[in-house]
Amino acid sequence: MTLANLDRLLAWYGTLDRDSLARIGEFYAQDAHFKDPFNDVKGLRAIAAIFEHMFETTEAPRFVILESMGQGAQAFATWRFEFGLKGRLYTVLGATHFRFDAAGLVIDHRDYWDAAEELWQKLPVIGGPVRWLRGRFSVGQD
């Protein structure tokens, strides 16, 4: 993996839309693994389906890359995911650990973000109970 591969990948994420999703094979290996708080899949087709679902279920989704670093066959990037849902805007902060194969393609993609804090507690129906649960399990400060 070179930093140029990482830069190309992150630039693609920064402009990802329904049309550019077709280019996923330029960045991911056929047998790549993808894991996030909701998905754990293997294979290019399954990974593309996650992004297709994102475009179907959210309004104007976009990734803003905040920082990145790479070393050897690994890289790490922090990001902000912005999207609309039923007319309301949401922001999710997270990070991704990438591993690359010898050809510079992503072979492993692991997203790290707190689904409860970044998403569930912001939703109208379940947000209150999630906030209450988080409060019950947090250490109070005097």
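Residues numbered from 1 in each chain as written. Predicted model: local features only at pLDDT ≥ 70, side-chain atom pairs only at ≥ 80, totals over all residues. Heavy atoms only, no water.

Attention now goes to the environment of G70. Within the secondary structure, G70 sits in strand β3 (residues 59-71). Among the residues examined, G70 registers a relative accessible area of 32% and is labelled partly exposed. Placed 67 residues apart in sequence, G70 and L3 show a C-alpha to C-alpha distance of 6.6 Å. (Helix = DSSP H or I, 4+ residues; strand = E, 2+ residues; numbered from the N terminus. Buried < 20%, exposed > 50% of the residue type's maximum accessible area, 1.4 Å probe, protein only.)

Right, let's get into the nonpolar core. Counting residues in each nonpolar core, the largest one holds 31 residues, and the members touching the most others are Y28, F51 and F98. Among the secondary structure elements, those contributing two or more residues to this core are α1 (3-14), β1 (28-35), α2 (44-57), β4 (74-85) and β5 (88-100). Once you skip the residues sitting within four places of it in the chain, Y28 turns out to touch L9, W12, Y13, L44, I47, F98, L105, V106 and H109. (Core = buried A, V, L, I, M, F, W, Y, C linked by side-chain atoms within 4.5 Å. Contact = heavy atoms within 4.5 Å.)

With that out of the way, let us pick up the pairing of β1. Bridge analysis of β1 against strand β6 (residues 106-112) gives four bridges, and the strand direction is parallel. Paired with K35 across the strands is R110, a residue of β6. Bridge analysis of β1 against strand β2 (residues 40-42) gives three bridges, and the strand direction is antiparallel. Residue K35 lies in a different strand from β2, and its bridge partner there is D40. (Pairing = 2+ DSSP bridges.)

For the rest of this paragraph, the subject is the packing of aromatic side chains. Taken as a whole and assessed by the stated rule, the structure comprises twelve aromatic pairs. The interplanar angle of 75 degrees and the centroid separation of 6.0 Å between the aromatic rings of F34 and F51 together place this pair among those described as edge-to-face. Residue F34 is found in strand β1, and its partner F51 is found in helix α2; the two are separated by 17 residues along the sequence. Given the relative accessible area of 3%, F51 is considered buried. Three or more aromatic residues link up through ring pairs in this structure, and these residues are W12, Y13, F27, Y28, F34, F51, F63, W79, F81, F83 and Y90. (Phe/Tyr/Trp six-rings, centres within 6.5 Å; stacked < 30°, edge-to-face > 60°.)

Let us look at the sheet that holds β5. Strands belonging to one sheet form pairs held by backbone hydrogen bonds; the direction of such a pair is parallel or antiparallel. Strands sit in the order β2-β1-β6-β5-β4-β3 across an open sheet of six strands; the sheet is mixed. Looking at which strands have only one partner, the edges of the open sheet turn out to be β2 and β3. Along the sheet, successive strands turn relative to each other by an average axial angle of 20 degrees, direction set aside. Pairing between β5 and β6: six bridges, direction antiparallel. Counted as the bridge partner of H97 is R110 from β6. Helix-sheet contacts for α2 involve β1, β2, β3 and β4, and the interaxial angle to β1 is about 60 degrees. (Axes fitted to C-alpha atoms, helices over the stretch in contact; angles between N-to-C directions.)

In short, the description is geometric, and any link to function would need to be established separately.
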